[in-house]
Every structure is written in structure tokens, then in C-alpha cells.
Amino acid sequence: MKTIIEPFRIKSVEPIRLTSRPERERKLAEVGYNLFGLPSDDVLIDLLTDSGTGAMSSHQWAAVMRGDESYAGSPSFTRFEAAVKNLMPFKHVIPTHQGRAAEAILFSIFGGAGKCIPSNTHFDTTRGNIEASGAQGDDLVIAEGKDPQSLHPFKGNMDLAKLEAYLQEHGDAVPVVMLTITNNAGGGQPVSLENIRGVAALAHRFGKPFVIDGCRFAENAWFIKEREEGQQERTIPEIVRDCFAVADGMTMSAKKDAFGNIGGWLALNDDDLAEQARGHLIRTEGFPTYGGLAGRDLDALAQGLSEIVEEDYLRYRIRTNEYIVERLDAMGIPVVKPAGGHAVFIDARAWLSHIPPLEYPGQALAVALYEIAGIRSCEIGTAMFGRQPDGSEKPAAMDLVRLAFPRRTYTQSHADYIVEAFEEVAAAKDSLRGYKIVKEPKLMRHFTCRFAKL
Ligand code: F0G
């Protein structure tokens, strides 16, 4: 059979509400054209993030009932720890309430003034935690990773020559080498197993620990199986184990590839580092056998980890994005290619070329998608990154719009609806106008700022 179907049937449904265009226009004006301000009840298809927004399976809900809420030594933790170690063979697994809490603990150990931490591309919270510690984060992704049209199969790869030069230049100032799989901030693009091994070898040659941000590890493993020479006959768990076997630790948001609505962990091999991390955990998150989580969450994640590596799921998951990218591409809409693992990215600067970057073409597109079709997406561009520390304004490297897909939540007809919405936006595209920001906080303005239509 050629059709790749959703490999599940639906037992419980969550109604979504069709709103009228005048209603949406009114809502947008009320929230100052900031989509983060919209109540989710007023959103038809919510593609703001793939984080914590997925559907749990019937087995996960059953696991929730099994959850044991003991403060210390809960069997839920034992099951969670075993499920993590089955895929990621680290000695110490430290549960946290989400990914950024694991990062905060990691950089309380490795960060500090004068330190330099390289990655392919640090996610914003990773960078935020690095910078909050006084350290600096640097992105060393390969050049193809910054070209939306390049068809390189592993656009999330680290540039190994740049990393080597970086390690030579910064020497003792580098406490750890990081790598994000898949590379979320770079379009959800994968990192090859060869590159993961290359980064590990370089880090170790310079005597540095190597830590993977593994949020979307299963999607990354699927791309390795599909695209990397010699990996086709291997199972996803085998590939996942190989990816983490060369690392000294990992941070994880279990809201992504563990099918959780909440959760995360920090894993480490080194006993002393783990002891320091647990000390921090007890102060800020909780006792080491629950961290920031309830026993029921730990059980749901243990079950989720066995489901996320299923090939039928991953094939359907990746195909949905490819399907949308192929159709938008055929309509002449500039999309980041190849399709990423968790999201479709549209190059709004190229598509809405009549709107200059400082008038936020990404925001104009995101607003139009909601206004026309009730779809919520996210601007990743000048509205998000344009404000400089001195309060001035500069165009971001790119003006993208991200459509991030919650896991197992929407169906093929939703995908077709999204494609149709783009046809409508394309028809109206030349009449779309830019925005100005009329009110903004100093930091991370995109969450709360208000815009006005120009
Ligand atoms: N690392 C990566 C690569 C991420 O994508 C995220 C979250 C985090 C770390 C932080 O994890 O949210 O559990 O604290 N990404 C979400 C997103 C928020 O929409 O891309 P968290």
C-alpha cells in the first residue's frame, strides 16, 4: 500500500472550534496581533509548538494510573530510569520538570563568566541558561544548515573544522561541547551518526565532555536510518543507542520525543558531576527519584519512550511534514528544505519580499494564517530576535514562520486544510502589510509585545 496512514485510531476526542473571520480579526486586535496572547479555544489548528502538546496513548493513560507517588524510591522512577537507560546508556538519570530545568542544572556546573560553549545551534532556553551563568554560547552548524534551499541530508551537522579551530582557540575556557538533535533552531534538521561520532571524538581529543540535547532523538534516528549509508537495516533503538553511546551526558525535554505533556531529564556518566547535579536538583526541583515530576508522569514517560521509537509512528510523523513541504513548494512558496522532523518552516522574508525585515514579514504571515484560517504558528525572526541589548533594532538572520506539529494530534485532513490555507494566503499575499511594535518588554519581547498593523 502506498498511503502512509496515521498508525492509531482515536478513542477520545477533543473538539476544536471553528471561528468566523470577523471574530478572529476582533481577537487579533484585542491581543495586539500577538498570537501568544490568544486563548487556545479560539485557535482551530494550533501549530505554535510540538512541546507537551502531543496525544498520549491508551497505554500511557493506563501507566498514569500505575504511577506511585512515594516521595522516595517510587517504582515509577525505577521504570522511568530503566526506559531511559534502555535507549541511552548513561550511568545517572536525573529527572526534571522539563528540559530547561536540566539545562539550568548542567550550566550551574559547567557555566560561569569567561566560559565558551559550542553547539550546532543552541536552543533559546539553552542559550538563556548559558548566558545567565555568565558564559557565552556559540553556534557552529555547517554552512548548508543556514541555507533554506540546500538539500544536504544532514543540515543539522556541526562544522567539525570550525569546532576544532574553536577548541584550539578557546582551550581551557571550553567546559563542555554540546550538540542538539534534531537542530530545532536550524529548521529541525538532523545530525548524522557520523557527525555525532566526529563531534565526540574531537571533544574527547581536547579532553572535554560531550553532552547531547536529545529532545527529538527518535526523529533524528529515523533520518539516520533513512539517509545515512549503512543504517537502513538497523532498528531505531540500535541507532539511538549508538548516538548516545559516544556522549558523556544528555539534556532532554520529555515534552518532545518521550510523548509527555511535561517532563525532562539530565543524564551523566561521571559520578562526581552527577552528585553535584543531584545536589542542585534537591534544592530546586525535588528528591532524585522524582525530580520535578509526579510518579504518574514518570510512568507515562517510561511508556512513551517505548512508543516513540516505533517505525510506523516515525514514518507517519516525518511524512506529514514532507507532504506539506512538497505541496507548498509546488505552489512556489519558499519553504526550508528538506522538511524538518517536527515542523515546517516558511521563509517569510523571501515570500513576502514587499515587507522589509524591520516590519516583521514573519509576523505578517503568522497573523494572516490565523486571520484567514484560524491556524496558529510562530514567527522566528526579527520580532523574536531583532531587539538589541541597547534597545535598537536589527534584522534577524532569517524571517521564518514555524508550523510545529504536536505528536499524534492532527490528521491528514488537517494537513490538507493547512495546505489550502496557504492557497488563500497566497491569493492575498500582495495585500499583506507589515507591523510595528507599539509596546514591548526588554527581554524575550515576542511572548508579550503588542503590534499594530502598518
Ligand atoms: N532544547 C530544545 C532543542 C528544544 O526544542 C526545547 C524546547 C528545549 C531544549 C527546552 O525544553 O521546553 O522542556 O524546557 N522547545 C520548545 C519549542 C519549547 O517550541 O521548540 P523545555
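Calculation criteria
- Residues numbered from 1 in each chain as written.
- Predicted model: local features only at pLDDT ≥ 70, side-chain atom pairs only at ≥ 80, totals over all residues.
- Heavy atoms only, no water.
- Domains from an automatic or database assignment.
- Contact = heavy atoms within 4.5 Å.
- Buried area = accessible area lost by both parts, 1.4 Å probe.
- Patch = residues over 30% accessible without salt bridge, like charges linked within 9 Å, V, L, I, M, F, W, Y side chains within 5 Å.
- Areas by Shrake-Rupley, 256 points an atom, 1.4 Å probe, with all protein chains shown as cover.
- Salt bridge = Lys/Arg side-chain N within 4 Å of Asp/Glu carboxyl O.
- Lys, Arg positive; Asp, Glu negative; His and termini not counted.
- Charge placed at Lys NZ, Arg CZ, Asp CG, Glu CD.
- Helix = DSSP H or I, 4+ residues; strand = E, 2+ residues; numbered from the N terminus.
- 1 Å grid on protein atoms, 1.4 Å probe; cavity = no way out; pocket = protein on both sides within 12 Å on 5 of 7 lines; lining within 4 Å.
- Points joined across faces, edges and corners; volume = space filled by probe spheres on them.
- Pairing = 2+ DSSP bridges.
- Axes fitted to C-alpha atoms, helices over the stretch in contact; angles between N-to-C directions.

Peer 1: Any chance you could explain the domain arrangement of the chain here in plain terms?
Peer 2: Accessible area lost during the coming together of the parts is what is often quoted as the interface size. When cut into domains, the chain gives domain 1 (21–50 + 311–453) and domain 2 (58–307). Placing the centre of domain 1 and that of domain 2 at their C-alpha centroids yields a distance of 27 Å. Between domain 1 and domain 2, the residue contacts involve 21 residues of the former and 28 residues of the latter. For the pair domain 1 and domain 2, the two sides together bury roughly 2200 Å², of which 56% comes from carbon and sulfur. On the domain 1 side of the contact with domain 2, Leu-314, Pro-338 and Arg-407 bury the most area, a combined 24% of that side's loss.

Peer 1: For this particular structure, what's the right way to read a negative patch on the surface?
Peer 2: Taken together, Asp-416, Glu-420, Glu-423 and Glu-424 make up a surface patch of like negative charges. Here Glu-424 shows up in helix α16 (residues 412–428).

Peer 1: Hey, could you run me through the layout of surface pockets in this one?
Peer 2: Over the atoms rolls a probe the size of a water molecule, and its path tells where empty space is left. Reported here for the largest pocket is a volume of approximately 1800 Å³. If you trace the largest pocket, you find 48 residues lining it, with Asp-124, Arg-127, Met-384, Phe-385 and His-446 closest to the centre. Mapped by element, the contributors of at least two residues to the lining of the largest pocket are α5 (124–132), β11 (378–380), α15 (382–385) and β12 (400–404). Ranked by residues supplied to the lining of the largest pocket, first place goes to α5 with 6 residues.

Peer 1: Is there a simple way to think about the sheet that holds β12 in this case?
Peer 2: The strands making up a sheet associate through backbone hydrogen bonding, with each pair oriented either parallel or antiparallel. Strand order in this open sheet of 3 strands is β9-β12-β11, and the pairing throughout is antiparallel. Among the strands making up the open sheet, the edge pair consists of β9 (343–347) and β11. Each strand axis lies, on average, 30° off the axis of its neighbour in the sheet, ignoring direction. Two elements, β11 and β12, share 3 bridges in a ladder whose sense is antiparallel. Residue pairing across strands places Glu-379 opposite Val-401, the latter belonging to β12.

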